[in-house]
Structures are given as structure tokens and as C-alpha cells.
Amino acid sequence: MRVVVTGHEGQVARSLKRLGQLSGHEVVTIGRPELDLSAPEQTIVAALSSARPDFIVSAAAYTAVDQAEEEPRFAEAVNVAGAAAVAQAANRIGVPLLHLSTDYVFDGRKSGPYREDDAPNPTGIYGCTKLDGERAVMAAHGDVAVLRTAWVYSPFGRNFVKTMLQLAADRSQLRVVADQVGNPTGALDIAAAVLEAGDNLVRSTDPGLRGVFHLAAPDEASWADLAEHVFTVSGLLGGPSASVVRIATGDFPTRARRPANSRLDCSRIAERHGIRLSPWRASVANVVAELIQSPNAKAPK
Ligand SMILES: NC(=O)C1=CN([C@@H]2O[C@H](COP(=O)(O)OP(=O)(O)OC[C@H]3O[C@@H](n4cnc5c(N)ncnc54)[C@H](OP(=O)(O)O)[C@@H]3O)[C@@H](O)[C@H]2O)C=CC1
Ligand SMILES: Cc1cn([C@H]2C[C@H](O)[C@@H](COP(=O)(O)OP(=O)(O)O[C@H]3O[C@@H](C)C(=O)[C@@H](O)[C@H]3O)O2)c(=O)[nH]c1=O
Ligand SMILES: [Mg+2]
């Protein structure tokens, strides 16, 4: 199976490249400069068509949550028009599309985990553009699974786990918000699930396999819980460690407002695709171990 993924260096794209070698998928990434999501639609469609995919994974996106508040038009161009052009390409070629989206489409006011049919109401520009992107993608192509994931970490790119290890290299104490809860999800776990769901779409035209799905670790954490676990594991392995001061959101001002609760109920993808991700603590421990052991993985990219 030939899988074409948007973006060369993204966390999910790099995880797909690593896993494809183990699962027998030929994973090919296509990204800047040959595929720029802010370019005109026909350029994007032409670039993807010539890559001859069996299915497409739309993993590239504008993901800088605070920076998006400063450049909403650009974030929108990439996450809405760019995403729609990728879907348009999948439609022209006649192949399934897996499109990644986010827990930040929700406002966080619900008390329990969010289901796919709960009303979205993003609190910032990033979430707004990702929500509009989901809708534009589904309008452009019927053969689509939108996979909303959350709080992604990996040995690659930029993410909260790497930020914590980097900050702990020169500080003994870090202040981390304890009143935002979500499901920290490993990009390698997402990649395995994406390949499985993509195979399912190629094999079956069942409409139950299409539509919106939540795809995240089954258990919850606050950012402070996540940081504490990173330092426990890192400390045991002789890596950087710091003590975590649990603070409130109001004590860590950021440009974009984030949801207080963005936990995702992932039962739909379990029932329809047979996909269940593992609890976050073991996956985080694997990533921390890799980051400490491999100096290359510590670099920003
Ligand atoms: N990171 C997270 O915590 C979460 C992410 N998601 C979603 O999951 C998906 C994957 O996220 P993740 O792997 O973490 O993303 P990253 O932030 O790690 O990478 C973003 C990718 O998008 C590419 N990209 C950005 N702008 C453009 C552009 N104009 N044209 C072409 N490519 C572009 C980057 O290109 P380059 O390779 O050149 O750097 C990179 O490959 C995204 O859709 C994101 O919205 C959902 C929930 C949480
Ligand atoms: C660095 C740092 C952050 N924080 C807080 C700020 C914020 O509330 C929270 C997370 O900060 P970050 O900026 O790392 O994470 P953020 O960019 O909000 O992560 C989000 O990215 C996008 C792409 C998604 O789709 C989401 O699912 C989510 O993963 O931690 C601290 O409390 N202390 C710190 O030292
Ligand atoms: Mg960020």
C-alpha cells in the first residue's frame, strides 16, 4: 500500500515514515517546497496526483496555537483552503483521505469527555481554522475519515514533552498549569492507527468507517501531570529533571485561550475501526527514553 503524507518533518509524518518500514506500507511524504498548503489549489492537486497514492494522510497544518492569533489569515489559508485542496486532490484521484484534526475544536465547558457529535466551539484561531478545515474537507470529498487527536508528543519536532526536558536542563523548578485536562497522545501511536484506518478505508466502502472520529489516549492528564511523569521517568534514566509547581491557567498567560477540558471519548473508532490507543504513561516513558538516549532526537527537528 502506497501512503502519501503531507508535510516532511511533522511529528505524525515522521512517525508514519518510521512505522511504514515495519508495517509494509510505502510511506512517502510530500511537503514544502514542492507542496505548499498556502499555494493555489491547482498546484496542490497536481503535486498530490503525481505522487500516485493508495490513500492520502493530511497531516500538515499550521499548528502554532499562540502565533495563530497574530496571523489568522495565514493560519486559515493553510488549515482551511490548503486542507480543502488536499481533499480535492483525493477526490480527483479517487482515493480515501485521513485528515487530522484537534481537540481544540471544543471550548472545554463540558464536564465529561467529548463525543464526535458534541457541538464544537473553539476558543482560539487555531481551533477555529481546524474546525473550518474539517468542514471544508468533508464538503470536498466523501471518502474521508477526520481523526481528531490531542496533545501530541514524539521524539520529533516540537512538543510539550521535549519542551519540558529542554527547560529542565537549566532550571530546577517549572511552573505548569494543572487545571487544563486532556489526553496526551503519542504520534507513533497515532501513526499506527492511521495506517490501520487507511487500510480499512481502502478495503471497504462501509459508510460507518467514514466521518469524524476521536483518536487519543484513553486516559487523562493535566499538563502538570504530564510534566511530572516526564521528570519521574527522565530522573530514573539519568536525564534532566525538575520539580513541578502546579499553577492555574490564569498564572500562565498565553496569547490563545485553551480549553480547560478537552478529553476525547474514543469509543466510536474502537467500535467501527477496532482501534484503541494505549494509556499515555507507557508511551510517554518510551519517548522520554528515546530522547535521553539519542542526542539527535533532542534537536528541535
Ligand atoms: N501537535 C499537536 O499537539 C496536535 C496536532 N494535531 C493535528 O495533527 C496534525 C499533525 O500534527 P503534528 O505532526 O504535530 O504537526 P507539526 O507541527 O509537528 O508539523 C506540522 C507539519 O505541517 C507542515 N506545514 C506547515 N505549514 C505548511 C504549509 N504551508 N505547507 C505545507 N506544509 C506545511 C510542516 O512542514 P515542514 O515539514 O516543512 O516543517 C510540518 O510537516 C495536524 O493536522 C495538527 O493540527 C491535533 C492535535 C494535537
Ligand atoms: C512551556 C509551558 C507551558 N505551560 C502551559 C501552557 C499551555 O496551557 C499548556 C500547553 O502548552 P503548549 O504550548 O506546549 O501546548 P499547545 O500548543 O497548546 O498544544 C496544543 O497544540 C495543538 C497543535 C493541538 O492541537 C492541541 O491538541 C495541543 O497539543 O502548558 C505551562 O504551564 N508551563 C510551561 O512551562
Ligand atoms: Mg504550542
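Residues numbered from 1 in each chain as written. Chains lettered and ligands numbered in written order. Predicted model: local features only at pLDDT ≥ 70, side-chain atom pairs only at ≥ 80, totals over all residues. Heavy atoms only, no water.

- Per an unreviewed UniProt entry, the protein chain is named dTDP-4-dehydrorhamnose reductase, and its organism is Sphingomonas glaciei.
- UniProt, in its Function (unreviewed entry) section for the protein chain, records the words "Catalyzes the reduction of dTDP-6-deoxy-L-lyxo-4-hexulose to yield dTDP-L-rhamnose." (UniProt positions renumbered as here; feature names shortened; annotations may be inferred.)

**Let's talk about the packing of helix 1 (residues 11-23) against helix 6 (residues 187-203)**
Then step 1. Direction vectors running N to C along helix 1 and helix 6 enclose 60°, while the axes themselves pass 8 Å from each other. In terms of their interaxial angle, helix 1 and helix 6 are classed as oblique. For the pair helix 1 and helix 6, the crossing hand works out as right-handed. On helix 6, the residues that touch Q11, V12, S15, L16, R18, L19, G20 and S23 of helix 1 are A187, L188, I190, A191, A192, V194 and L195.
Then step 2. Looking at the contact of helix 1 with helix 6 residue by residue, the class counts come to 10 nonpolar, 4 polar and 1 charged. (Axes fitted to C-alpha atoms, helices over the stretch in contact; angles between N-to-C directions. Helix = DSSP H or I, 4+ residues; strand = E, 2+ residues; numbered from the N terminus. Parallel < 35°, antiparallel > 145°, perpendicular 65-115°, else oblique. Left-handed = near helix turned anticlockwise from the far one by under 90°. Contact = heavy atoms within 4.5 Å. Nonpolar A, V, L, I, M, F, W, Y, C, P; charged D, E, K, R; others polar.)

**Here we look at the environment of R175**
Then step 1. Its location among the elements puts R175 in strand 7 (residues 173-177).
Then step 2. Judged by its relative accessible area of 46%, R175 is partly exposed.
Then step 3. Taking the C-alpha atoms as reference points, R175 and A150, 25 residues apart in sequence, are found 22 Å from one another.
Then step 4. If near-sequence neighbours (up to four positions away) are discounted, R175 is found in contact with V245, I247, D251 and F252.
Then step 5. For R175, the side chain forms a polar contact with the main-chain oxygen of D251, separated by 3.2 Å. (Buried < 20%, exposed > 50% of the residue type's maximum accessible area, 1.4 Å probe, protein only. Polar contact = N/O pair within 3.5 Å; in protein donor to acceptor, adjacent residues only side chain to side chain.)

**Structural notes on the packing of aromatic side chains**
Then step 1. Enumeration over the complete set of coordinates arrives at 5 aromatic pairs.
Then step 2. Centroid distance Y62 to F74: 5.9 Å. Interplanar angle 80°. Geometry classified as edge-to-face. In this pair, Y62 is assigned in the loop between strand 3 (55-58) and helix 3 (72-93) and F74 in helix 3, connecting sequence segments 12 residues apart.
Then step 3. On the numbers, 3.6 Å between centres and 10° between planes, the contact of W151 with W223 is stacked. Of this pair, W151 sits in the loop between strand 5 (144-149) and strand 6 (152-153) while W223 is found in helix 7 (residues 223-236), placing the two residues 72 residues apart along the sequence. Across the pair, exposure class does not vary: W151 and W223 are buried alike.
Then step 4. Taken together, W151, F160 and W223 form an aromatic cluster joined through their ring pairs. (Phe/Tyr/Trp six-rings, centres within 6.5 Å; stacked < 30°, edge-to-face > 60°.)

**Concerning the UniProt feature "domain: RmlD-like substrate binding" (unreviewed entry) in the protein chain**
Then step 1. Following the UniProt record, one finds the feature "domain: RmlD-like substrate binding" (unreviewed entry) at residues 1-291.
Then step 2. The span residues 1-291 carries 41% helix and 16% strand; its end-to-end C-alpha distance comes to 30 Å.

**Concerning the site of ligand 1**
Then step 1. Around ligand 1 there are 26 residues in total, and E9, L37, T63, Y126 and K130 lie nearest to it.
Then step 2. G10 has a polar backbone atom sitting 3.0 Å from an oxygen atom of ligand 1.
Then step 3. In the environment of ligand 1, an oxygen atom lies 2.6 Å from a nitrogen or oxygen atom belonging to the side chain of T63.
Then step 4. Burial of ligand 1 by the protein amounts to 87% of the accessible area it has alone, namely 910 Å².
Then step 5. Elements represented by at least two residues in the shell around ligand 1 include exactly helix 1, strand 4 (97-102) and helix 4 (125-140).
Then step 6. The element contributing the most residues to the shell around ligand 1 is strand 4, with 3 residues.
Then step 7. Of the residues contributing to the shell around ligand 1, the split by class is 12 nonpolar, 9 polar and 5 charged. (Near = heavy atom within 4 Å. Areas by Shrake-Rupley, 256 points an atom, 1.4 Å probe, with all protein chains shown as cover.)

**Regarding the nonpolar core**
Then step 1. Residues L16, L147, V230 and F231 are the most contacted members of the largest nonpolar core, which totals 93 residues.
Then step 2. Every residue in contact with L147, bar those within four places of it in the chain, is listed here: L98, H99, L100, S101, V194, F213, L215 and I269. (Core = buried A, V, L, I, M, F, W, Y, C linked by side-chain atoms within 4.5 Å.)

**Here's the deal with the side chain of S154**
Then step 1. Turning to its location among the elements, S154 is positioned in the loop between strand 6 and helix 5 (160-168).
Then step 2. Not counting chain neighbours up to four residues away, the residues in contact with S154 comprise Q11, N159, K162, A187, V287 and L291.

**Concerning the pattern of salt bridges**
Then step 1. The tally for this structure, following the rule as stated, stands at 14 salt bridges.
Then step 2. Note that R2 and E26 form a salt bridge whose closest N and O atoms lie 2.8 Å from each other. Highlighted residues: R2 in strand 1 (residues 2-6) and E26 in strand 2 (residues 26-30), separated in sequence by 24 residues.
Then step 3. What makes E26 partly exposed here is its relative accessible area of 44%.
Then step 4. R210 is the partner of D143 in a salt bridge, and the nearest nitrogen-oxygen pair spans 2.8 Å. Separated by 67 residues along the polypeptide, D143 in the loop between helix 4 and strand 5 and R210 in the loop between helix 6 and strand 10 (211-214) bring together distant segments of the chain.
Then step 5. Looking at R210, the relative accessible area reads 13%, which means it is buried.
Then step 6. Because the salt bridges share partners, they merge into one network encompassing D225, E228 and R246. (Salt bridge = Lys/Arg side-chain N within 4 Å of Asp/Glu carboxyl O.)

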